[in-house]
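# Chains, contacts and geometry: an overview
Okay, here's what each chain looks like letter by letter:
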Amino acid sequence: MPVEMSRQRFEELVGEALDLIPPEFATAMDNVVVLVEDRHPEEPGLLGLYHGIALPLRTTDYGGVLPDRITIYREALLEYCTSEDEVVDEVAVTVVHEIAHHFGIDDDKLHELGWG
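Below you will find a few notes about this structure. (Residues numbered from 1 in each chain as written. Predicted model: local features only at pLDDT ≥ 70, side-chain atom pairs only at ≥ 80, totals over all residues. Heavy atoms only, no water.)

### Observations regarding the environment of Glu 86
The line we're drawing: The way it works is that DSSP assigns letters per residue, a run of H or I at least four long becomes a helix, a run of E at least two long becomes a strand, and they are numbered from the N terminus. For the exposure calls, accessible area comes from a 1.4 Å probe over protein chains only, and a residue counts as buried if that area is under 20% of its type's maximum, exposed if over 50%, partly exposed in between. The contact rule is simple, with two residues in contact once any of their heavy atoms fall within 4.5 Å.
Examined against the element boundaries, Glu 86 turns out to sit in helix 4 (residues 84–102). Looking at Glu 86, the relative accessible area reads 28%, which means it is partly exposed. Between the alpha carbons of Glu 86 and Val 3 there is a distance of 9.4 Å; along the sequence they are 83 residues apart. The residues contacting Glu 86, other than those within four sequence positions of it, are Tyr 80 and Cys 81.

### Here we look at the side chain of Thr 71
As for its position among the elements, Thr 71 is in strand 3 (residues 68–73). Not counting chain neighbours up to four residues away, the residues in contact with Thr 71 comprise Leu 35, Glu 37, Leu 47, Gly 48 and Leu 49.

### Some words on the packing of helix 1 (residues 7–19) against helix 4
Condition: Interaxial angles span 0 to 180 degrees and are taken between N-to-C directions of axes, which are lines fitted to C-alpha atoms, for helices over the stretch in contact. We call two directions roughly parallel when the angle between them is under 35 degrees, roughly antiparallel when it is over 145, roughly perpendicular when it lies between 65 and 115, and oblique otherwise. Less than a right angle of anticlockwise turn of the near helix away from the far helix marks a crossing as left-handed, whereas a clockwise turn marks it as right-handed.
Where helix 1 contacts helix 4, the two axes come as close as 9 Å, and the packing angle between them is 50°. Classified by the interaxial angle, the pair formed by helix 1 and helix 4 is oblique. Between helix 1 and helix 4 lies a crossing of right-handed hand. Packed against helix 1, whose contacting residues are Arg 9, Phe 10, Leu 13, Val 14, Ala 17 and Leu 18, the element helix 4 presents Glu 84, Val 87, Val 88, Val 91, Ala 92, Val 95 and Ile 99 at the interface.

### Examining the nonpolar core
Definition in use: For the purposes of this section, nonpolar cores are sets of buried Ala, Val, Leu, Ile, Met, Phe, Trp, Tyr and Cys residues that join through side-chain atoms within 4.5 Å.
Counting 25 residues, the largest nonpolar core has Phe 10, Val 14, Ile 72, Val 87, Val 91 and Val 95 as its most contacted members. For this core, the elements supplying multiple residues, two or more each, are helix 1, strand 3, helix 3 (74–80) and helix 4. Here this core gets 6 residues from one element, more than from any other, and that element is helix 4. With residues up to four places along the chain from it excluded, the contact list for Val 95 reads Val 14, Ala 17, Leu 18 and Ile 72.

### Let's talk about helix 4
Note the cut-off: Expected helix span is computed as 1.5 Å times (number of residues minus one).
Look at helix 4: 27 Å from first C-alpha to last across 19 residues, which is about the 27 Å you get at 1.5 Å a residue. A positive phi of about 90° marks Gly 104, the residue just after helix 4.

### What about the pairing of strand 2 (residues 48–51)?
Definition in use: Whether two strands pair depends on DSSP finding at least two bridges between them.
Only one face of strand 2 is covered, namely the one carrying Gly 48 and Tyr 50; the face carrying Leu 49 and His 51 has none of its residues buried. In the sheet, strand 2 pairs with strand 3 via 4 bridges, with the strands oriented antiparallel. Bridge pairing links His 51 to Arg 69 in strand 3.

Take a look at the structure:
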């Protein structure tokens, strides 16, 4: 049974998860926006997605591009979890996971660090 939660409350959880990012990382994030959507259209079970050019891959000709996007998928996360406490934890893990991709950290390293 999916967890019931308003969109507003879910977006608050995403904001709280962003507040967990250490200041030195938050200030280093460049040209990135965090969005909440219901589901990924092609992969409905996906919890989050980073789409953009990771910081280590940017060269001197980087510029004039739309912001990178981190999308957190509300319905998929609510369906994945069994309690509000679990949603709080999983939103934080998903946000940190996707931000790590912005910094060029791959899935293997994230799993190794416990943020898989």
